[in-house]
Amino acid sequence: MGLLSKKDSKLILDPLADNNPITIQVLGICSALAITAELEASIVMSISVLFVLGVGNVIISLIRNIIPSKIRIIVQLIVVAALVIIVDLVLKAFAYELSKTLSVFVGLIITNCIIMGRFEAFALGNGPWRSFLDGIGNAFGYGVILIIVGFFRELLGSGTLLGFPILGDPIEKTGLYAFGYENNGFMLLSPMALIVVGLIIWVQRSKNKALIED
Amino acid sequence: MGLKSNLHNLKEKYKGTKMAPAFNAIHTFLYLPNEITHNGTHIKAADDLKRTMNTVIMALIPCLIFGMYNAGYQHHIALGEITTKANGFLGASFWTIDNLVVGLWKVLPLVIVSYGVGLAIEFLFAVIKKHEVEEGYLVTGMLVPLIVPIDTPLWMLAVAVVFGVVIGKEVFGGTGMNILNPALTIRAFLFFAYPTWMSGDKVWVHGAVERANQIAAGENVDAISGETILGSLAQNNGVLGYDWMDMFFGIIPGSIGETSTFLILIGALFLIFAKIGSWRIMLSSVIGALVMGLIFNGVVSSGWITESSKFYGLMSTEFWHHLLIGGFAFGTVFMATDPVTASQTNKGKWIYGFLVGFISIMIRVFNPAYPEGVMLAILLMNVFAPTIDHYVVQGNVKKRMKRLKAKTA
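Computed from a predicted structure; not experimentally measured.

## Details of the overall build of chain A
Point 1. Helix and strand counts for chain A stand at nine helices and two strands.
Point 2. In terms of overall dimensions, chain A has C-alpha extents of about 65 × 45 × 35 Å along its principal axes.
Point 3. Here the contacts in chain A between residues at least 6 apart in sequence split such that 75% fall between residues at least 24 apart.

This is how it looks when you write it as structure tokens:
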């Protein structure tokens, strides 16, 4: 990476795998369970979090020296809330159907543990450029898992990807359905998202033994 | 013994390699292992895991054979080929070769797929994790075909077995470490993943779905649907003309192994006699079901629920009929008593069993979408079993501490 120094590129690459916010730190699970039944919703959610976390980290980092430490949580909340409202309004204006699918979970980005966690742990102690990298790094790490889970849940649960039929038409009985294949309704229920996340954690930790606790 | 010495040679050849557990397992499964314990206490007892599992399978065999005959019988009744209803357990139109052939044709593939896929996964995990193959799947593999509808597609069963064995058992560390009963995990997976194949009034008799499609397409097919008594009661349609003798002997539509309460009772006595199944769990679970049934009957007779209510059909069912219909008897005897997932302490077993029975009937009545409450009740209580045990043990500790204090003071 010529653009970034080694230390900086670590900020982006670490959260993608070895310090992933979902599979390693186990943060932001609620949204990962709730909205991943469709791949499109997972992608939009990932982009929303990318925006909120990237911009939010920069703002907090810029004003970190003038925030009185006693009220820093409130200041952080105001920053997230403002950004989330921007995302929410943009979605309502340009992707109304999708914003109905995501419903309350866009608003709940405010309480996503990853965001407050990064503000507290990183942006309050580092400069804006590094905070920006850390923010988008963690958002990518979150998004990767969301998209993997969304991919499998939509493919196996509805037989589609981004709404396009991949496996054939279940009513006309074409493609795989002609052989008696059926969609797995369990994939559309939240417990299956938890199990898929668990399987990802299982695969990741058996590949990299250093991640296994005690 | 050509096979035995061959196996022995193979075992020696593969000793210390990755494939060793697989050959050891085949050897142990077919013959008595010839390894001797080298250290530690030597307890001489014949009831190892293999014998325990085989005893349960023996208790299941009558249900399996009856289930095959019943599958054929229900199929022929639905087609109108049998016109005289089998009267009682020894009915002449029931124990016929025709019925058995249909039953074998439908049930054997389920058994083979269940064992084939399940044991393959056990072998795979034994090879990867370098431990001996455990016999834990022997019973699960027999239970699974007995608790699914007869027309379950084989690939669905295979997917569910993979899920049940990996997620239900292997991730927790294999046989003996699982929280949930693997057979019920498999059934629950099928139930939530493919609900159209697992519930409703068309899945319980072989060929009923196709006949319904033919009728819908306008063909003149003479057929009655194979609705279960539970399903009919949930829709306030009564017991479909079956009397309690039919229910007790199991000449009714349902999953393959669950219908005959009579044979399940024989299996239960055998398990209790062999000291493998816990009579405490079976008895307390029956008590729990009867109590819940009596409460519902009381609610009906006091007039709080009228015939217009959607709960009326199941609530007004005579309380002891609940023991005969659906999978309650089968679940209580063969699955609630699973020694791994049930409570371990004696007092805990009473509480655990009572709640299994109580909650089964409650789910059955209040949620017509899940008429088979016993599956969900057992899974729920599996989760709570360690908690129950913890408080039983703590209670005992407290009692003894008090006694100790009274003595020393």
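Picking up after the structure, the text goes on.
## Details of the overall build of chain B
Point 1. Within chain B, the regular secondary structure consists of 17 helices and zero strands.
Point 2. A sequence separation of at least 24 residues applies to 74% of the contacts in chain B between residues at least 6 apart.

## Comments concerning the interface of chain B and chain A
Interface size is often expressed as the accessible area that is lost when the parts come together.
Point 1. Contact residues are listed per partner, giving eight residues for chain B and eight residues for chain A.
Point 2. The greatest single-element share of the side of chain B that touches chain A, amounting to three residues, is contributed by helix 7 (residues 182–193) of chain B.
Point 3. For the side of chain B that touches chain A, the residue count by class is eight nonpolar, no polar and no charged.

## Comments concerning helix 13 (residues 279–301) of chain B
All names here are of chain B.
Point 1. When the terminal C-alpha atoms of helix 13 are compared, their 32 Å separation across 23 residues agrees well with the 33 Å that a helix rising 1.5 Å per residue should span.
Point 2. Among all positions of helix 13, only R280, I281, M282, S284, S285, V286, G288, A289, M292, G293 and F296 are buried.
Point 3. On its buried side, helix 13 packs onto helix 12 (261–273), helix 14 (312–315), helix 15 (328–335) and helix 16 (346–366).
Point 4. Trailing helix 13 by a residue or two, G303 shows a phi angle of about 85°, which is positive.

## Comments concerning the packing of helix 4 (residues 97–129) of chain B against helix 5 (residues 137–147) of chain B
All names here are of chain B.
Point 1. Closest axis-to-axis distance for the helix 4/helix 5 pair is 8 Å, and the angle between their directions is 150°. With respect to helix 5, the element helix 4 is oriented roughly antiparallel. Along this stretch, helix 4 crosses helix 5, giving a crossing that reads as right-handed. Contacts from V107, L110, V111, S114, Y115, G118, L119 and E122 of helix 4 reach helix 5 at Y137, T140, G141, V144 and P145.
Point 2. A class-by-class count of the residues in the contact of helix 4 with helix 5 yields eight nonpolar, four polar and one charged.

## Section: the environment of K7 of chain A
Point 1. Mapped onto the fold, K7 of chain A is located in helix 1 (residues 6–16).
Point 2. For the pair K7 of chain A and R130 of chain A, spaced 123 residues apart in the sequence, the C-alpha separation amounts to 9.5 Å.

## Regarding the UniProt feature "modified residue: FMN phosphoryl threonine" (unreviewed entry) in chain B
Point 1. The feature "modified residue: FMN phosphoryl threonine" (unreviewed entry), as annotated in UniProt, sits at T228 of chain B in this numbering.
Point 2. Structurally, T228 of chain B is set in the loop between helix 9 (208–216) and helix 10 (229–234).

## Some remarks on unusual backbone geometry
Residue and element names in this part refer to chain B.
Point 1. Even without being a glycine, K275 presents a positive backbone phi close to 60°.
Point 2. Tracing the backbone shows K275 in the loop between helix 12 and helix 13.
Point 3. K275 gets classed as exposed once you count the C-beta atoms within 10 Å, which come to 11.

## A word on the confidence of the model for chain B
Point 1. Summarising the model, chain B shows a mean pLDDT of 81, and 84% of its residues fall at 70 or more.
Point 2. Taken element by element, the predicted model of chain B shows its lowest mean pLDDT in helix 9 of chain B (64) and its highest in helix 17 (residues 373–408) of chain B (91).

## Quick look at the environment of K11 of chain B
Residue and element names in this part refer to chain B.
Point 1. Considering the arrangement of structural elements, one finds K11 in helix 1 (residues 2–14).
Point 2. Residue classification places K11 among the partly exposed positions, given that 17 C-beta atoms sit within 10 Å.
Point 3. When the C-alpha positions of K11 and Y352 are compared, they lie 43 Å apart, and in sequence the two are 341 residues distant.
Point 4. Excluding anything up to four places from it in sequence, K11 contacts F23, N24 and H27.

## Some remarks on the nonpolar core
Point 1. Residues V52 of chain A together with L143, L190, Y352 and I378 of chain B are the most contacted members of the largest nonpolar core, which totals 142 residues.
Point 2. Sort the elements by how many residues they give to this core and helix 3 (residues 49–79) of chain B lands first, with 12 residues.
Point 3. Among residues more than four places away in sequence, those in contact with L143 of chain B are A183, F334 and M335 of chain B.

## Looking at the packing of helix 3 of chain B against helix 12 of chain B
Residue and element names in this part refer to chain B.
Point 1. Orientation of helix 3 relative to helix 12, taken along the N-to-C sense of each, is 170°, at an axis distance of 9 Å. For the element pair helix 3 / helix 12, the angle class is roughly antiparallel. On helix 12, the residues touching V56, A59, L60, P62, C63 and F66 of helix 3 are L263, I264, I266, G267, F270 and L271.
Point 2. Here the contact of helix 3 with helix 12 is composed, by residue class, of 11 nonpolar, one polar and no charged.

## A few points about helix 6 (residues 154–168) of chain B
Point 1. Between the first and last C-alpha of helix 6 of chain B there are 20 Å, a value that for 15 residues agrees with the 21 Å anticipated at 1.5 Å per step.
Point 2. Restricting attention to buried positions, one finds in helix 6 of chain B the residues M156, L157, A160, V161, F163, G164, V165, I167 and G168 of chain B.
Point 3. In this fold, the buried residues of helix 6 of chain B make contact with helix 9 (190–207) of chain A together with helix 4, helix 5, helix 7 and helix 8 (195–198) of chain B.

Analysis parameters
Residue numbers restart at each chain and count upward from 1, following the sequence in its written direction. For this description, chains carry letters from A and ligands carry numbers from 1, given in the order in which they are written. Reporting in this predicted model follows two pLDDT cut-offs: at least 70 for local features of residues, and 80 or more for side-chain atom pairs to be given and counted; totals over whole chains, interfaces and linings ignore these cut-offs and use all residues. Helix numbering and strand numbering both begin at the N terminus, where a helix is a DSSP run of H or I of at least 4 residues and a strand a DSSP run of E of at least 2. This entry defines residue contacts through backbone-placed C-beta atoms, with two residues in contact when those atoms are within 7 Å. Residues are sorted three ways: Asp, Glu, Lys and Arg are charged, Ala, Val, Leu, Ile, Met, Phe, Trp, Tyr, Cys and Pro are nonpolar, and all the rest, Gly among them, are polar. For a helix, the expected span equals 1.5 Å multiplied by the residue count minus one. In this scheme every C-beta is placed from the backbone, and a residue whose C-beta has 20 or more other C-beta atoms within 10 Å is buried, one with 12 or fewer is exposed, and one in between is partly exposed. Lines fitted to C-alpha atoms define the axes, with helix axes restricted to the stretch in contact, and inter-axis angles between N-to-C directions lie between 0 and 180 degrees. Working rule for angles: under 35 degrees goes down as roughly parallel, over 145 as roughly antiparallel, 65 to 115 as roughly perpendicular, anything else as oblique. The sense of a crossing depends on the near helix, which, turned anticlockwise from the far helix by less than a right angle, makes the crossing left-handed and, turned clockwise, makes it right-handed. UniProt positions are given in the numbering used here, feature names are shortened, and annotations may be inferred rather than shown by experiment. On a scale of 0 to 100, pLDDT captures the predictor's confidence in every residue. We define the nonpolar core as any set of buried residues of the types Ala, Val, Leu, Ile, Met, Phe, Trp, Tyr and Cys, connected via C-beta atoms lying within 7 Å of each other.

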